[in-house]
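# Structure assessment
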Amino acid sequence: MLDQHPGTRKVKAGAEALPFADGSFDAAMAIMTVHHWPDLHRGLAELRRVARKQVVFTWDPTHRPELWLLEEYLPEIREMDHARFTPVTEVADALDAHTVTPFPIPHDFTDGFQCAYWRRPECSLDPAIRQASSTFAQLPPSVVEPAIARLRADVASGTWHRRHADLLDRQSMDYGYRLLIAGT
């Protein structure tokens, strides 16, 4: 990811030991990353140390409903995500967040994370889209390929669209993504 960043100043560091002085920034943001941190509490403390305001975008594993992809095709993703994501209430407490805002995903969301395609199952058939997802990248092909073959067959036969007809007219879905805000 660092190599993809177009900026001229790049800093490589762990969330738990940011190489910046206290109060260096007006705001610090962590987007879909806290579940990768070895020590969530230390990382959040570092955000508070280096910035007056902190914003964290994360997912709540306790939220229902879950994405159909997890329920019907790849429960292995559910198992992996439930093991590594901390419930939003715990993240909010650790961050001392004063605001927790739901982030419903629009049906035409252009950010390529997993839930962005909740109404467009054919996107999950694209290997390039799957490669951009850390969850797909961490599963072996022996798990992913049969699941994608089932999805491909369900999309081609119209089974997916019949099963999820209720989604096709929705403009957005709340799958448990939350924006947490702390500080002043």
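Read on for an overview of the structure.

A separate point is the packing of aromatic side chains. With the rule as written, the count across this model stands at 11 aromatic pairs. Geometrically, the ring pair formed by Phe109 and Phe113 is edge-to-face, given 5.8 Å between the ring centres and 85° between the ring planes. For Phe113, a relative accessible area of 15% corresponds to the buried category. Every member of this aromatic cluster is reached through a ring pair, and the members are Phe57, Phe103, Phe109, Phe113 and Tyr177.

It is worth spelling out the pairing of strand β2 (residues 51–59) at this point. Burial within β2 is extensive, with 7 of its 9 residues counted as buried. Pairing geometry for strand β1 (residues 25–31) and β2, over 6 bridges, is parallel. Counted as the bridge partner of Ala30 is Val56 from β2. Following the backbone out of β1, through helix α1 (residues 40–50) and into the adjacent parallel β2, one traces a crossover that is right-handed. Here 7 bridges tie β2 to strand β6 (residues 177–183), and the two strands are oriented antiparallel to one another. Paired with Lys53 across the strands is Gly183, a residue of β6.

In this section: the pattern of salt bridges. Where charged atoms from two side chains of opposite charge come close, those side chains can pair. Across all of its chains, the model carries 9 salt bridges by this definition. With a shortest N-O distance of 2.7 Å, Glu46 and Arg49 are connected by a salt bridge. Of this pair, Glu46 and Arg49 both sit in helix α1, 3 residues apart, roughly one helical turn. Given a relative accessible area of 12%, Glu46 falls into the buried group. We classify Arg49 as partly exposed; its relative accessible area is 24%.

Conventions used here
Residues numbered from 1 in each chain as written. Predicted model: local features only at pLDDT ≥ 70, side-chain atom pairs only at ≥ 80, totals over all residues. Heavy atoms only, no water. Phe/Tyr/Trp six-rings, centres within 6.5 Å; stacked < 30°, edge-to-face > 60°. Buried < 20%, exposed > 50% of the residue type's maximum accessible area, 1.4 Å probe, protein only. Helix = DSSP H or I, 4+ residues; strand = E, 2+ residues; numbered from the N terminus. Pairing = 2+ DSSP bridges. Right-handed = clockwise from strand over helix to strand, strands pointing away. Salt bridge = Lys/Arg side-chain N within 4 Å of Asp/Glu carboxyl O.

Just distances and angles here, no functional claims.
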